[in-house]
Amino acid sequence: MYSEYSMKVIEHFMSPRNVGSMKDPDGEGTYGDLKCGDSLTIYIKVKDDVITDISFLVFGCTASIATSSMITEMAKNKTIEEALSITEKQLIDALDGLPQSKIHCSVLGVKGLRAAINDYLEKNRSL
């Protein structure tokens, strides 16, 4: 059943990190569309320009769950600038690859993270 997935993908699917909604996030971003497939919401807490806490809720397949879990691990304790620079390729590499048919799931993770960061930046632009 999982043979097309790396052990890291399976690990993050079976035991995802940072799952759940967040009370009073500093930024919240959603990417995807439930009507046609996967949807991801990422929540962040930021202090002194560093993502100090991050969590997610995702509706999707094995790869969507794994990429959502991994992107939160990659972004946690990074500056806003560092987190914004995370690419789909870096996310795929961190999971030791994805099947070609699931590459789009990395876009979900990166775009969800960027949406949460952009929400945070919009809210704090005038501060």
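What follows deals with the overall build of the protein. Counting its secondary structure elements, the protein contains five helices and three strands. In terms of overall dimensions, the protein is globule-like: its C-alpha atoms have a radius of gyration of 14 Å, near the 14 Å expected for 127 residues. The dimensions of the protein, computed from C-alpha atoms along their principal axes, are 50 × 30 × 20 Å. Within the span of the protein, comprising 127 residues, buried residues form 44% of the whole. With an accessible surface of roughly 6800 Å², the protein has 51% of that area assigned to carbon and sulfur atoms. The average position of the 14 basic charges and that of the 18 acidic charges among the side chains of the protein differ by 1 Å.

What follows concerns the sheet that holds strand S1 (residues 27–32). Whenever strands of a sheet pair, they do so through backbone hydrogen bonds, lying parallel or antiparallel. The three strands are arranged S1-S2-S3 in an open sheet whose pairing can be described as antiparallel. Looking along the sheet, the strands with just one partner apiece sit at the ends: S1 and strand S3 (50–59). Adjacent strand axes in the sheet meet at a mean angle of 15°, parallel and antiparallel pairs treated alike. Taken together, the six bridges between S1 and strand S2 (residues 39–47) define a ladder with antiparallel strand orientation. What sits directly across from Gly 32, in S2, is Ser 39. Across the sheet, helix H5 (residues 104–124) lies against S1, S2 and S3, angled at about 145° from S1, the strand it touches most.

About the thresholds
Residues numbered from 1 in each chain as written. Predicted model: local features only at pLDDT ≥ 70, side-chain atom pairs only at ≥ 80, totals over all residues. Heavy atoms only, no water. Helix = DSSP H or I, 4+ residues; strand = E, 2+ residues; numbered from the N terminus. Rg over C-alpha atoms; globule rule 2.2 N^0.38 Å. Buried < 20%, exposed > 50% of the residue type's maximum accessible area, 1.4 Å probe, protein only. Areas by Shrake-Rupley, 256 points an atom, 1.4 Å probe, with all protein chains shown as cover. Lys, Arg positive; Asp, Glu negative; His and termini not counted. Charge placed at Lys NZ, Arg CZ, Asp CG, Glu CD. Pairing = 2+ DSSP bridges. Axes fitted to C-alpha atoms, helices over the stretch in contact; angles between N-to-C directions. Contact = heavy atoms within 4.5 Å.

Spatial relationships are all this shows, so hold off on functional conclusions.
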